[in-house]
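Coordinate analysis (summary)
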2 protein chains.
Amino acid sequence: VKLLLVGFGVVGQGLAEILMTKGAALRAQYGFNPVIVGVGTRSHGTLYHPDGLELDALLAAAQQGGLQHYAGRCLQKDNDIPNWIRTTPADVLVEASITNLQTGQPATDYCRAALETDKHVVLANKGPIALHYAELQKLARYNGLTVRFEGTVMAGTPSLTLAMEALAGCTIHEARGILNGTTNFILTQMTQGMDYATALAQAQQLGYAEADPTADVDGWDAAGKLLILAAALYGKKFTLDEISVTGITGITPADIEAARQANECYKLIARITPDFGSVSPQRIPLSDPLAAVSGATNAITYKTDLLGDVTLVGAGAGRLQTGFALLADLIAIHRQGNIKAFY
Amino acid sequence: VKLLLVGFGVVGQGLAEILMTKGAALRAQYGFNPVIVGVGTRSHGTLYHPDGLELDALLAAAQQGGLQHYAGRCLQKDNDIPNWIRTTPADVLVEASITNLQTGQPATDYCRAALETDKHVVLANKGPIALHYAELQKLARYNGLTVRFEGTVMAGTPSLTLAMEALAGCTIHEARGILNGTTNFILTQMTQGMDYATALAQAQQLGYAEADPTADVDGWDAAGKLLILAAALYGKKFTLDEISVTGITGITPADIEAARQANECYKLIARITPDFGSVSPQRIPLSDPLAAVSGATNAITYKTDLLGDVTLVGAGAGRLQTGFALLADLIAIHRQGNIKAFY
């Protein structure tokens, strides 16, 4: 399986690292032999080699500051990434560039380019799925291709595979979860007595929060994930405007203490049904499975007709954790690939 | 897809009820049309109709006391179930008879009969998987068939699909969970101040515990599930003798209170690694995701190399909950069925 990888930040490097350490095991266990033939970035050009790029050299180049440091001699100053995707032979586009929840671009154009030239698409990038899921699915189906995006919600913790495959046959009435690790870390620290500003500073120090933490603390990151869940679970398109969003900046130590006294705790709860989406800090009883989810961990509870509540708890971010999401999607495509070949 | 169902207790009836209410949706959504052509019981004979039995009449007969009350005229006094399985045309054997963890019988013979006559096997029965997994898998593979058993651990909550499919590509170093709902219910009630005897009586009243609660409270039910996890995750065969098993009967209100004082709680923790299995009451911190799992709910945490801890929380028993496990396995076989047809 030949891969084009767009974006070579933390997540793309995570995938390269996993393929380097697990390549032999993947071949032995699943007969799966993924090869990164191309890496594309907007700022540092593109690399391509039909037999596959050297993973260790790629990772070393990233350490040194960019693809231009790649030891092989295959760097192109090609900044027209959609054209590069169209004209480069490969089986799957792995989209791991930076999310833009306003436009979904330029990643959506990359996905279109791939699907129009017979390449499956695997994304860690939330934008194209949050904004253009129906169009991309239609384009994929029309061309007999697959779009997968496990890494867009809860990193590699298989929240979407659980809902869309393992729970197939159940109706999911609602998804409700802790979908942003930064805010959960801050609320956890506040529960242990820290004030908001100190907790935020610590989150930034640990790399959980950006220098500008707005997208996390105001709830927009979680809201973007709700758009993806709405599309995946219900085939519904919500816009960010249609989600009721409140962040955690208004939560005071007094609020936290009042909750504690009542055997409750504050969590930033993201919730989606076929009709309604919201992100808001809520007091939940300590008996709720989401109450025990602390630090940067994420969790989601699916309310189902046949099983009742099913809750999944796990990592919501991280280099290898999100890199694994891409690998899991690639393995799933590899498995179904056998079907396509025989149809 | 034509099904033979062996055992028509709570779980078998749960499946029939789901197929009755969801039949149309399953056909529309997955192109999946399961039909129960035969039901076999040791005590009440067998029913068979090549076009499928009437689900409402089957459920009505069960309400009235047994298959002999089925309104159709197709009852056979056939008590040689293995022979009935061999000679009855069908695609899948659904094994939902009573678990025997000492011998795995008679269910293991039923599975052999099915696999030797070109029928996939789906089980809610723990015995054959706990004791004879390797043999049954080998027989299945030799005949190009599938054995699935989601319902044997945590009912329909997809603990096995999560580990074996959604986490494919991760190495699971350990599984650790609350795998018995009865004991978790009793410990939860004790945490709220009830003594052991009263909590047990209440569990029996609510139908969570048997009249003879030994298998649950002494830890053997959870140990049986560890045998299944060892086989599924590691391809290892443990015997019950090799699992270190301690039940909850020794836990006193004083123990519970001491744990509470230390911000901890008691849970009956079942744990399996490639080398070691144990079931024992343990004090765990309230920050552990398993700590918030209360009442008859079950949970499992997989320790993985790439994702860290992944925890799944959900129902561990119940009519529809276990019935759904059988449906989920049937849908999975239906999906892969396309592959088989084209090889």
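Look up: the structure comes first, before these words.
In this report, we go over the structure that sits alongside the text. (Residues numbered from 1 in each chain as written. Chains lettered and ligands numbered in written order. Predicted model: local features only at pLDDT ≥ 70, side-chain atom pairs only at ≥ 80, totals over all residues. Heavy atoms only, no water.)

Here we take up the pattern of salt bridges. One pass over the structure, following the stated rule, counts 28 salt bridges over all chains. Here B:R112 and B:E135 are joined by a salt bridge, their closest N and O atoms 2.6 Å apart. One end of the pair, B:R112, is in helix 4 (residues 107-115); the other, B:E135, is in helix 5 (residues 126-142), with 23 residues separating them in the sequence. For the salt bridge of B:R260 with B:E257, the shortest nitrogen-to-oxygen distance reads 3.1 Å. Pair noted here: B:R260 and B:E257 are both in helix 11 (residues 253-261), with a separation of 3 residues, about one helical turn. Assessed through its relative accessible area of 32%, B:E257 is described here as partly exposed. Sharing partners across several salt bridges, the network here consists of A:D109, A:R112 and A:E135. (Salt bridge = Lys/Arg side-chain N within 4 Å of Asp/Glu carboxyl O. Helix = DSSP H or I, 4+ residues; strand = E, 2+ residues; numbered from the N terminus. Buried < 20%, exposed > 50% of the residue type's maximum accessible area, 1.4 Å probe, protein only.)

Further remarks concern the sheet that holds strand 8 (residues 172-178) of chain A. Pairing in this open sheet of 12 strands is mixed, and the strands run 9(A)-11(A)-10(A)-8(A)-12(A)-13(A)-13(B)-12(B)-8(B)-10(B)-11(B)-9(B) from one edge to the other. Edge strands, defined here as strands with exactly one partner in the open sheet, are strand 9 (243-245) of chain A together with strand 9 (243-245) of chain B. Shown here is a sheet whose adjacent strand axes are inclined to one another by a mean of 30 degrees, direction ignored. Direction of pairing for strand 13 (residues 308-314) of chain A relative to strand 13 (residues 308-314) of chain B: antiparallel, over a ladder of 3 bridges. By the bridge assignment for strand 13 of chain B, A:V313 is matched with B:T311. Of the strands in this sheet, strand 8, strand 12 (298-304) and strand 13 of chain A together with strand 13 of chain B are in contact with helix 6 (residues 159-166) of chain A, which crosses strand 12 of chain A at around 15 degrees. (Pairing = 2+ DSSP bridges. Axes fitted to C-alpha atoms, helices over the stretch in contact; angles between N-to-C directions. Contact = heavy atoms within 4.5 Å.)

Another aspect to go through is helix 1 (residues 10-30) of chain B. The periodicity of an α-helix, 3.6 residues per turn, causes residues three or four positions apart to be oriented the same way. Residues and elements named next belong to chain B. Compared with the 30 Å implied by 1.5 Å per residue over 21 residues, the 26 Å span of helix 1 between its first and last C-alpha is markedly short. If you look at helix 1, its biggest bend is around 65 degrees, right at K22. For helix 1, every residue scored as buried is listed here: V11, G12, Q13, G14, L15, A16, I18, L19, K22, G23, L26 and Y30. Of the residues flanking the end of helix 1, it is G31, one or two places downstream, whose phi is positive at about 60 degrees. (Expected span 1.5 Å × (residues − 1). Bend = angle between axes of the 7 residues up to and from the residue.)

Looking along the chain, the bond that leaves A:Q105 and enters A:P106 is cis, with omega of 0 degrees. Mapped onto the fold, A:P106 is located in the loop between strand 5 (92-95) and helix 4 (107-115). Although it is not a glycine, B:M154 adopts a positive phi angle of roughly 60 degrees. Mapped onto the fold, B:M154 is located in the loop between strand 7 (147-148) and helix 6 (159-166). Located in the positive-phi region is B:N263, a residue other than glycine, with phi close to 55 degrees. With respect to the element layout, B:N263 can be found in the loop between helix 11 and strand 10 (264-272). Given the relative accessible area of 54%, B:N263 is considered exposed.

What follows is about the relation of the copies chain B and chain A. Two copies of the chain are present, and they differ by a rotation about an axis and a shift along that axis. Once chain B has been moved 0.0 Å along the axis and rotated by 180 degrees, it coincides with chain A to within an RMSD of 0.0 Å. These values place the two chain copies in the arrangement generated by a two-fold rotation axis. The position closest to the rotation axis in chain B is occupied by the C-alpha of B:L312, lying 2.3 Å away. A shared binding surface is used by both copies, with 100% of the interface residues of chain B retained as interface residues in chain A. (Least-squares fit on C-alpha atoms with pLDDT ≥ 70 in both.)

Turning our eyes to something else, we now look at the packing of helix 1 (residues 10-30) of chain A against helix 2 (residues 55-64) of chain A. Residue and element names in this part refer to chain A. Here helix 1 crosses helix 2 at 150 degrees, and the two axes come no closer than 9 Å. As the angle between them shows, helix 1 and helix 2 are arranged roughly antiparallel. Relative to helix 2, helix 1 is oriented so that their crossing is left-handed. Facing helix 1, whose interface residues are Q13, A16, E17, L19 and M20, helix 2 presents L55, D56, L59 and A62. When the residues that make up the contact of helix 1 with helix 2 are grouped by side-chain class, the tally is 6 nonpolar, 1 polar and 2 charged. (Parallel < 35°, antiparallel > 145°, perpendicular 65-115°, else oblique. Left-handed = near helix turned anticlockwise from the far one by under 90°. Nonpolar A, V, L, I, M, F, W, Y, C, P; charged D, E, K, R; others polar.)

Before going further, it helps to examine the interface of chain B and chain A. Counting residues at the interface gives 44 residues for chain B, matched by 44 residues for chain A. When chain B packs against chain A, close to 3,300 Å² is buried across both sides, 66% of that on carbon and sulfur atoms. At the boundary of chain B with chain A, the tally comes to 2 salt bridges. One salt bridge connects B:K22 with A:D305, and the closest N-O pair in it is separated by 2.6 Å. Taken together, the elements giving at least two residues each to the side of chain B that touches chain A come down to helix 1, helix 6, strand 13 and helix 12 (319-342) of chain B. With 10 residues, the top contributor of residues to the side of chain B that touches chain A is helix 12 of chain B. Class assignment for the residues of the side of chain B that touches chain A results in 27 nonpolar, 11 polar and 6 charged. (Buried area = accessible area lost by both parts, 1.4 Å probe.)

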